[in-house]
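The primary structure of each chain is shown beneath.
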Amino acid sequence: MPRYFLTVVVIGTLCLCLSGCSKPNKPEGFPPLYPCEVTIKMNGAALEGANVKFQSADARWPSGSVTNAKGVAEISTFGHAGVPEGDYKVLVSKYELPAVTDDNTPQRGGDNPAAKPLVHQKFRSAATTPLNCTVTKGGPNRFEFTVE
């Protein structure tokens, strides 16, 4: 009897641990997702650490990611890899944070300067971005954009 009890406890604990590691549940009406990769360049070089967002006309399924050292972002939606099929405005932003000293105070005389935008403001708004893409079921859904 004790061996059976121990087996049940171990299996039950394992199931609880694995259920906590799963991806978030998909919301009601969640559409199929298709792999999507975006490369962002600035001044001819890869732009690392840029926030990339996809915004559809209805803005129902916001998607996005952050670029890596090669300027590449693998776009996801609600924590799931991929993007629903459709047309998107592509928004790109990156900010330079103010320098801080060892005691976490800004270097500029104690004032708290706002982060400096490194990407032109036109790329940060769906109303003004010139960047567009269409994600399709058939793919390959790889896009490259240059920002200023």
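Quick notes on the rules
Each chain carries its own residue numbering, running from 1 in the direction its sequence is written. Given that the model is predicted, a residue must reach a pLDDT of at least 70 before its local features are reported, and side-chain atom pairs must reach 80 or more before they are shown or counted; all residues, however, enter totals for whole chains, interfaces and linings. Note that water and hydrogens are dropped before the side-chain values are worked out from all heavy atoms of the structure. Values of pLDDT, ranging from 0 to 100, describe the predictor's confidence in every residue of the model. Two residues form a contact once any of their heavy atoms are found within 4.5 Å. Remark: exposure states derive from per-residue accessible area (1.4 Å probe, protein chains only) relative to the maximum for the residue type, with buried under 20%, exposed over 50%, and partly exposed in between. The way it works is that DSSP assigns letters per residue, a run of H or I at least four long becomes a helix, a run of E at least two long becomes a strand, and they are numbered from the N terminus. When DSSP locates at least two bridges between a pair of strands, those strands are taken to pair. For the purposes of this section, nonpolar cores are sets of buried Ala, Val, Leu, Ile, Met, Phe, Trp, Tyr and Cys residues that join through side-chain atoms within 4.5 Å. Definition used for salt bridges: Asp or Glu carboxyl oxygen within 4 Å of a side-chain nitrogen of Lys or Arg.

**Structural notes on the confidence of the model for the protein chain**
Predicted coordinates in areas of low pLDDT are best not read in detail.
Stage number 1. Averaged over the protein chain, the pLDDT score is 83; the fraction of residues at 70 or greater is 73%.
Stage number 2. Of the regions scoring below 50 in pLDDT, residues 3-10 engages in zero contacts with residues more than four places distant in sequence or in other chains.
Stage number 3. Every residue in residues 108-112 is under pLDDT 50, and counting partners more than four places away or in other chains gives three contacts.

**Describing the pairing of strand 11 (residues 132-135)**
Stage number 1. Alternating positions in strand 11 separate cleanly, Cys133 and Val135 being buried on one face and Asn132 and Thr134 remaining unburied on the opposite face.
Stage number 2. Sheet topology note: the strand 8 (residues 86-93)/strand 11 ladder contains four bridges and is antiparallel. By the bridge assignment, Asp87 is partnered in strand 11 with Thr134.

**Focus: the sheet that holds strand 11**
Stage number 1. Spatial ordering of the open sheet is given by 7-6-4-3-8-11, a layout of six strands whose pairing is antiparallel. Only two strands of the sheet have a single partner each, and these edge strands are strand 7 (80-81) and strand 11.
Stage number 2. Across five bridges, the pairing between strand 3 (residues 51-55) and strand 8 is antiparallel. Residue pairing for strand 8: Asn51 is matched across the bridge by Ser93.

**Observations concerning the environment of Gly44**
Stage number 1. For Gly44, the location among the structural elements is in the loop between strand 1 (37-42) and strand 2 (45-46).
Stage number 2. Separated by 104 residues in the primary sequence, Gly44 and Glu148 place their C-alpha atoms 9.9 Å from one another.

**Here we look at the nonpolar core**
Considering soluble globular proteins, one finds that nonpolar side chains tend to be buried as a cluster.
Stage number 1. Among the nonpolar cores identified, the biggest contains 23 residues, and Val38, Phe54, Val92 and Val147 are the most heavily contacted of them.
Stage number 2. When contributions to this core are tallied by element, the ones reaching two or more residues are strand 1, strand 3, strand 8, strand 11 and strand 12 (142-147).
Stage number 3. Contacts of Phe54, omitting those with residues within four sequence positions, involve Cys36, Val38, Pro62, Ser63, Ile75, Val83, Tyr88, Lys89, Val90, Cys133 and Val135.

**Concerning the pattern of salt bridges**
Stage number 1. Using the criterion set out here, one finds three salt bridges in the structure.
Stage number 2. For the salt bridge of Lys41 with Glu144, the shortest nitrogen-to-oxygen distance reads 3.5 Å. Of the two residues, Lys41 is situated in strand 1 and Glu144 in strand 12; the sequence distance between them amounts to 103 residues.
Stage number 3. The shortest N-O distance in the salt bridge between Glu148 and Lys122 comes to 3.6 Å. Here Glu148 is found in the segment after strand 12, whereas its partner Lys122 is found in the loop between strand 10 (116-117) and strand 11, with 26 residues between them in sequence.

**Remarks on the environment of Ala57**
Stage number 1. Relative to the assigned elements, Ala57 resides in the loop between strand 3 and strand 4 (63-66).
Stage number 2. Between the C-alpha atom of Ala57 and that of Ala126, which follows or precedes it by 69 residues, the distance is 9.2 Å.

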